[in-house]
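Okay, here's what each chain looks like letter by letter:
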Number of protein chains: 2
Amino acid sequence: MAPSLSIFFLFIITFCVTLTAAAAGHFSLQTFFPRPAYQSLIKHAKTRKPKLPFKTRYFPQTLDHFSFHPKSSKIFYQKYLINTQYWHKGSPIFVYTGNEGDIEWFAANTGFMLDIAPKFRALLLFIEHRFCGESMPFGKDSYQSAKTLGYLNSQQALADLAVLIRSLKQNLSSEASPVVVFGGSYGGLLAAWFRLKYPHIAIGALASSAPILQFDKIIPWSSFYDAVSLDFKDVSQNCYEVIKGSWAELVAISTRKQALAELSKAFRTCKSLHSTASVLEWLWTAFVYTAMVNYPTEANFLKPLPAYPVQQMCKIIDKSPSGETKLSRAFAAASLYYNYSQTENCFEVEYEVDPHGLHGWHWQTCTEMVMPMTCSNESMFPPSGFDYKRFAEQCRMKYGVLPRPHWITTEFGGERIEKVLKRFGSNIIFSNGMQDPWSRGGKRSSPC
Amino acid sequence: MAPSLSIFFLFIITFCVTLTAAAAGHFSLQTFFPRPAYQSLIKHAKTRKPKLPFKTRYFPQTLDHFSFHPKSSKIFYQKYLINTQYWHKGSPIFVYTGNEGDIEWFAANTGFMLDIAPKFRALLLFIEHRFCGESMPFGKDSYQSAKTLGYLNSQQALADLAVLIRSLKQNLSSEASPVVVFGGSYGGLLAAWFRLKYPHIAIGALASSAPILQFDKIIPWSSFYDAVSLDFKDVSQNCYEVIKGSWAELVAISTRKQALAELSKAFRTCKSLHSTASVLEWLWTAFVYTAMVNYPTEANFLKPLPAYPVQQMCKIIDKSPSGETKLSRAFAAASLYYNYSQTENCFEVEYEVDPHGLHGWHWQTCTEMVMPMTCSNESMFPPSGFDYKRFAEQCRMKYGVLPRPHWITTEFGGERIEKVLKRFGSNIIFSNGMQDPWSRGGKRSSPC
């Protein structure tokens, strides 16, 4: 189990981006919400297509499961990957509940399912989330406006899974095959919710790094960034203090006339900066994402990184010459995240790359996936609150819709989840890495 | 419990109408689908407004919970009835999950909840189903077309309940109050499904006469009409045979030149008939609905009826003079259903009255609520199959949409329900009256 487990942790993923940005909107520099922050993801992933042991299929999927307008009966083609090499009729079907990116990305990083497939003689399915990868209901116009994006949400995605799995089982004449769903991060939420909402289809769920309690007021809003900060503080008090102190230096530079030129040089940007806020985001992303993928082995999920990258970052900070500013030390540490592979001569600080097709997540945070986050005085980030009104107004301006901040807890629950799951529910494993900041919103015991 | 139980059985309700009609479409006369058959309901109910111990409230409800179009954020006002006279803060909240009619109708016929409220110090809520009664999302245009009707379905209705209950509990500062949902017939389906889908909101459900297995191929399609027939056969073999033989006589008359005049006279219609099919439907409705409300006491749910009305109908048939035709005996028996109160001088066989606001159900049968039914040779009705293609085409012609015949079982399950409920689920009581033909599609044991 051990090797698989470490691979499975890789599912801790990237959906703090917007939230980080939203919280940072209160920082004194300026808001950079709703600018996507995908430049932090691995650029070279685009060119590196891993050879996967799956066949690609497309399923004619209903656009809108929950209304019956003439338009909503429209069909789109949902992509899925299938591996039947271990399967015997009647054996289990393991389904990865694809999250907010290209399905190949998740398939390439889910060794666990492949590892256990022979033992269970399992069929493997990786089902792509609607509006991701090739599963675009309106082709290249899918992201045009709220009119098309309206169909992108978790409930429609869960219904997609139900319809596809049921149809596939029928086609395979293997209706008695037990189905187990697997997912990480948002995919972990989907896996847990799928077992809760469709217990007649999935017999169990392994929900990894699923922040099922990150909504509404279930956990303290500062939990996430406190956890990131604690990861660094636990390694080195000095490291934590240097990062915490670096923001004020950045603010001070930002007030200077030559701020952009100065920061462009200091941060070795490939192109001249247009905004000092980009630097904050660039640093912020490096620290947050590194905490999320602080694996004990060298790995390459978001970026190529060494084992225990938080320790490595802190080593860079702690060992830097005493004359260096806090900001330049923070830059050096962040460079580990962006350039561990030593392939970058300069940094595309403002250049947006989205190699994993993650751009739909921003819409979801502006509608259903409202995860309020703040930075407390204890965190290593600039203190900030969560201004819902401002957030909602930004969503309205961008998409013409308002978020529904209480919807997820209404639809899926979360409050008093222990009691609910004890009385109703079974076969859901919630797995969390305690250094992953998302674990604070995860369920850290499995009573059922 | 006994007196309440008999009242609770009253929830066996009217949603075979379309299905009866659909099945009858194969009878040799002609199809009368999709003509609604609401003339069978109590005309005078409109004028008799019972005084109910509830206050009326209206809740600003979201039109579309499952998409985020600018349009779908529209609000409509959902009606609910509330009784707080027995309630103490923290005590339970009993919710009737309103089905396909005016909410007062269900409130007036649910003595059970009022009976037990004092004992539990319970708050009582009767929540009207969207597109029923006064809860019209588009006012008088709500039924205009599939564009508006698209938002009428069970999943949206369940989400309405979740949002309303949650908001109300918050307003009452009584978030820890356990919620139990109650419902009969389609309302019973909603109650059971609500507990299954929203276990974090409802702690239990009493689902009365809920035909949770009446979908897809879970039970034999002939079950419903076989059960109706058995109710009559169990009382009198002769009665069953007379009714069974009456249809051929009706067909024979229908081929005659003066058929409409002849039948108008024989059936004492208030206005001349336009179609011989109306007579079939009129008779059919009387027998089916009487089987559905074959209570052991005099009652008045669909119509005023004596105790054991099936026995009374058969008494009329068995005691009629030997020279009478089978059709005229069937007419005499059916008259009991339409005129037990002796207030009718003639019958509005083709006059459509919908005193309970039930007209939305037809849309639901044409979209999600596809319950295939057939009449076997053993039934007392003309043998008929279920021609899905024809049914779908009729729906397409009327509404411009096609039914989704496998959707309910995909969304809510039903197949192998014993296993699913045993492994996952609790606190759902399924209650059924065995003479109620809907019981064949009900769950007749409660393992969880």
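What this report covers is the structure whose coordinates are included nearby. (Residues numbered from 1 in each chain as written. Chains lettered and ligands numbered in written order. Predicted model: local features only at pLDDT ≥ 70, side-chain atom pairs only at ≥ 80, totals over all residues. Heavy atoms only, no water.)

1. Some remarks on the packing of aromatic side chains
Residue and element names in this part refer to chain A. For the record, the criterion: Only rings of Phe, Tyr and Trp enter the pairing, Trp through its six-membered ring, and a pair is recorded when the two centres are within 6.5 Å. The plane angle decides the type: under 30 degrees is stacked, over 60 is edge-to-face, the rest tilted. Each helix is a run of DSSP H or I of at least 4 residues and each strand a run of E of at least 2, with the numbering of both proceeding from the N terminus. Only protein chains enter the calculation, and the probe is 1.4 Å; a residue is then buried if its accessible area is under 20% of its type maximum, exposed if over 50%, and partly exposed in between.
A complete count under the given rule lists 75 aromatic pairs over all chains for this structure. When the ring of Phe-331 is compared with that of Phe-347, the centres are 6.0 Å apart and the planes differ by 80 degrees; the resulting orientation is edge-to-face. With Phe-331 in helix H13 (residues 326–339) and Phe-347 in the loop between H13 and helix H14 (360–365), this residue pair connects regions lying 16 residues apart in the sequence. For Phe-347, a relative accessible area of 3% gives the class buried.

2. A closer look at the state of the cysteines
Residue and element names in this part refer to chain B. To keep things clear, this is the line we draw: Throughout, disulfides are identified as pairs of cysteine sulfur atoms within 2.5 Å of each other.
Per the counting criterion, the structure on display carries six disulfides over all chains. In this model, Cys-270 is linked to Cys-346 through a disulfide, with the two sulfur atoms separated by 2.0 Å. A torsion of 100 degrees about the S-S bond marks the disulfide between Cys-270 and Cys-346 as right-handed. Residue Cys-270 is located in the loop between helix H10 (259–266) and helix H11 (277–292), and its partner Cys-346 is located in the loop between helix H13 (326–339) and helix H14 (360–365); the two are separated by 76 residues in the primary sequence.

3. Overview of the interface of chain B and chain A
To keep it simple, the criterion reads: When checking whether two residues touch, look at their non-hydrogen atoms; a contact exists if any pair is within 4.5 Å. Buried surface area refers to the total accessible area, computed with a probe of radius 1.4 Å, that the two partners give up upon joining, counted for both partners together. When a carboxyl oxygen of Asp or Glu is within 4 Å of a side-chain nitrogen of Lys or Arg, the pair counts as a salt bridge. Counted as a polar contact is a pair of N or O atoms within 3.5 Å, where, for protein atoms, one must be capable of donating a hydrogen and the other of accepting one, and residues adjacent in sequence contribute only when both atoms are in side chains.
Taken together, the 51 residues of chain B in the interface contact 51 residues of chain A. Interface area for chain B against chain A, summed over the two sides, is near 4300 Å², with a carbon-plus-sulfur share of 58%. Per-residue buried area on chain B facing chain A is highest for B:Phe68, B:Arg404 and B:Phe424; these three make up 21% of the total on that side. The closest approach of N and O atoms between B:Arg166 and A:Asp216, which form a salt bridge, is 3.1 Å. Along the contact surface separating chain B from chain A lie 33 residue pairs in polar contact (both at pLDDT 80 or more).

4. Considerations on helix H4 (residues 111–120) of chain A
Of the positions making up H4(A), those classed as buried are A:Gly111, A:Phe112, A:Met113, A:Ile116 and A:Ala117. One or two positions beyond H4(A), positive phi appears at A:Arg121, with a value near 50 degrees.

5. Some points on the packing of helix H8 (residues 223–235) of chain A against helix H12 (residues 309–319) of chain A
Residue and element names in this part refer to chain A. We apply this condition: Lines fitted to C-alpha atoms define the axes here, with helix axes fitted over just the stretch in contact, and angles between the N-to-C directions of these axes take values from 0 to 180 degrees. Note on terminology: angles under 35 degrees are roughly parallel, angles over 145 are roughly antiparallel, angles of 65 to 115 are roughly perpendicular, and the others are oblique. Crossing handedness is read from the near helix: turned anticlockwise from the far helix by less than a right angle, it gives a left-handed crossing, and turned clockwise, a right-handed one. Residues are grouped as follows: Ala, Val, Leu, Ile, Met, Phe, Trp, Tyr, Cys and Pro are nonpolar; Asp, Glu, Lys and Arg are charged; all remaining types, including Gly, are polar.
Close contact between H8 and H12 brings their axes to 9 Å; oriented N to C, the two are set at 60 degrees. Relative to H12, H8 is oriented oblique. As for the relative orientation of H8 and H12, their crossing is right-handed in sense. Between H8 and H12, the residues in contact are Asp-231, Phe-232 and Val-235 and Val-310, Gln-311, Met-313 and Cys-314, respectively. The class makeup of the residues in the contact of H8 with H12 is five nonpolar, one polar and one charged.

6. Focus on helix H11 (residues 277–292) of chain A
Quick note on the threshold: Take the number of residues in a helix, subtract one, and multiply by 1.5 Å to get its expected span.
Its 16 residues give H11(A) an end-to-end C-alpha distance of 22 Å, which sits within 8% of 22 Å, the value for a rise of 1.5 Å per residue. Across the 16 residues that make up H11(A), a large majority, 16, are buried.

7. A word on the pairing of strand E5 (residues 179–184) of chain B
Residues and elements named next belong to chain B. Put simply, the test is: Being paired, for any two strands, means DSSP has found at least two bridges between them. A clockwise path from the first strand over the helix to the second, with the strands pointing away from the viewer, defines a right-handed crossover.
Where burial is concerned, most of E5 is hidden: six out of the six residues are buried. What you see with E5 is no split at all: Val-179, Val-181 and Gly-183 on one side and Val-180, Phe-182 and Gly-184 on the other are buried throughout. Where strand E3 (residues 93–97) and E5 come together, four bridges link them in parallel fashion. In the strand pairing of E5, Ile-93 is matched with Val-179. As paired strands, E5 and strand E6 (residues 204–208) are joined by five bridges and run parallel to one another. Note on E6: the bridge partner recorded for Gly-184 is Ser-208. Crossover E5 to E6 through helix H7 (residues 186–197) is right-handed.

Functional significance is not addressed by these values, which are geometric in nature.
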